[in-house]
Amino acid sequence: MKRNSYYWRKLHSLLGVIPLGGFILVHVSINFQAFERGPEGFATYVHFINSLPLKPLLEIVGIYLPILFHAIYGLYMAFQSNLNAGQYKYERNWAFTLQRITGVLTFIFVFWHFFNTRLQIYLGNITHEELGSTMHHIAVNPVYFILYVIGVLSAVFHFSNGLWAFLISWGVTVSPRSQKISSTICLGVFVLVSLLFILSLVAFTGDEFL
Ligand code: HEM
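Just so we're clear, the structure is a prediction, and the values are computed from it rather than from any experiment. (Residues numbered from 1 in each chain as written. Predicted model: local features only at pLDDT ≥ 70, side-chain atom pairs only at ≥ 80, totals over all residues. Heavy atoms only, no water.)

## A closer look at the nonpolar core
Inference 1: Core analysis: the largest hydrophobic core is formed by 17 residues, its most contacted members being Ala34, Phe42, Leu131, Met135, Tyr148, Leu201 and Phe204.
Inference 2: At the level of elements, α2 (20–50), α6 (131–139), α7 (142–169) and α8 (176–204) are the ones that each hand at least two residues to this core.
Inference 3: Those residues in contact with Tyr148, other than ones at most four positions away along the chain, are Phe109, Trp112, His113, Asn116, Met135, Ile138 and Leu201.
Inference 4: Core analysis: the second largest hydrophobic core is formed by 12 residues, Val28, Val152, Phe159 and Phe166 among them. (Core = buried A, V, L, I, M, F, W, Y, C linked by side-chain atoms within 4.5 Å. Buried < 20%, exposed > 50% of the residue type's maximum accessible area, 1.4 Å probe, protein only. Helix = DSSP H or I, 4+ residues; strand = E, 2+ residues; numbered from the N terminus. Contact = heavy atoms within 4.5 Å.)

## What to know about the site of the ligand
Inference 1: Taken together, 25 residues are adjacent to the ligand, and His27, Glu59, Tyr64, His113 and Arg118 come closest.
Inference 2: Asn31 places a side-chain nitrogen or oxygen 3.4 Å from a nitrogen atom of the ligand.
Inference 3: Breaking the shell around the ligand down by element, the ones donating at least two residues are α2, α3 (55–83), α4 (94–116), α5 (118–122), α6, α7 and α8.
Inference 4: With six residues, the top contributor of residues to the shell around the ligand is α2. (Near = heavy atom within 4 Å. Polar contact = N/O pair within 3.5 Å; in protein donor to acceptor, adjacent residues only side chain to side chain.)

## Some remarks on the coordination of the iron atom of the ligand
Inference 1: Distances from the iron atom of the ligand to its protein donors, namely His27 (NE2) and His113 (NE2), fall within the range 1.9 to 2.0 Å.
Inference 2: Around the iron atom of the ligand, the six donor atoms are arranged such that angles at the metal cover 84 to 179°; this shape is classified as octahedral. With His27 in helix α2 and His113 in helix α4, this residue pair connects regions lying 86 residues apart in the sequence.
Inference 3: Residue His27 is classed as partly exposed on the basis of its relative accessible area, which comes to 25%.
Inference 4: Using a relative accessible area of 18% as the deciding quantity, one classes His113 as buried. (Donors = N, O, S within 2.8 Å, 3.2 Å for Na, K, Ca; no water. Tetrahedral: all angles 85-135°; square planar, octahedral: opposite > 155°, others 65-115°.)

## Topic: α7
Inference 1: Look at α7: 40 Å from first C-alpha to last across 28 residues, which is about the 40 Å you get at 1.5 Å a residue.
Inference 2: For α7, the capping residue at the N-terminal end is Asn141, with a side-chain oxygen 3.0 Å from the backbone nitrogen of Val143.
Inference 3: After α7 finishes, the residue Gly171 shows a positive phi value of roughly 75°. (Expected span 1.5 Å × (residues − 1).)

## Digging into the pattern of salt bridges
Inference 1: Counted according to the given criterion, the structure contains three salt bridges.
Inference 2: Linking Glu36 and Arg37 is a salt bridge whose minimum nitrogen-to-oxygen distance equals 3.9 Å.
Inference 3: For Glu59, the salt bridge goes to Lys55, with nearest N and O atoms at 2.6 Å. Placement of the pair is Glu59 and Lys55 together in helix α3, with a separation of four residues, close to one helical turn. Judged on exposure class, the residue Glu59 and its partner Lys55 are both buried. (Salt bridge = Lys/Arg side-chain N within 4 Å of Asp/Glu carboxyl O.)

## A closer look at α4
Inference 1: Compared with an ideal rise of 1.5 Å per residue, which puts 23 residues at 33 Å, α4 spans 32 Å between its outermost C-alpha atoms and is within 8% of the ideal.
Inference 2: Where α4 is buried, its residues meet α2, α5, α6 and α7.

## Observations regarding the confidence of the model for the chain
Inference 1: Per-residue pLDDT for the chain averages 93, and the proportion of residues at 70 or more is 93%.
Inference 2: Within the chain, the element-level pLDDT minimum falls on α3, averaging 90, and the maximum on α6, averaging 98. (pLDDT = per-residue confidence, 0-100.)

Written out as structure tokens, the structure is:
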């Protein structure tokens, strides 16, 4: 039983980086095209991604199933370690607490965000060509804009801090010195990826996306 939970934890940790971390990096790069190249640049990348062969399979295996497993098992572990509160020193670490809070916020955000974008395509309410104007209507609403910023910061913190913990638990950063270096790199990842997401969101407020 213990050995089983060890493998489930390892799978949970791995999926957080591959493919989910990879997805965040690809996603931010496409969104940033809205800032860098405007509506045409963004549309070209959306078209490219959506014309990939086996796209539905890639989405199910590479995004939806890993998100569901990572979120459900993450909640299960958080609940379990609550029962053991006080047992681990690490428990008192603020980054560990923030990791759980941002995990829950990210899950809620992704659910809502998926509803706004991808689900509307599946339901036939919008086409891929209308994604730019869909994002425009979200970004110009001040309440939605703030909720998006909170969602983006939560997701990117959860990814960057998770990456730092992943490198320790997979034995990549063993010495205190290497952990210090990786914490600077992960902080850099957090700042850069958050900035790119927020600049994309600002770009979508432009009337050219209408
Ligand atoms: C400025 C911030 C963001 C913008 C403008 C944005 C925009 C979009 C758009 C336009 C789509 C639909 C893509 C398509 O159908 O081709 C989408 C889907 C999605 N987004 Fe975001 N997004 C943002 C942040 C995030 C963050 C932080 C996450 C967290 C991981 C996220 C997770 C997802 C997921 C899971 C999907 C569904 C993927 C799919 O079905 O292909 N997004 N987003």
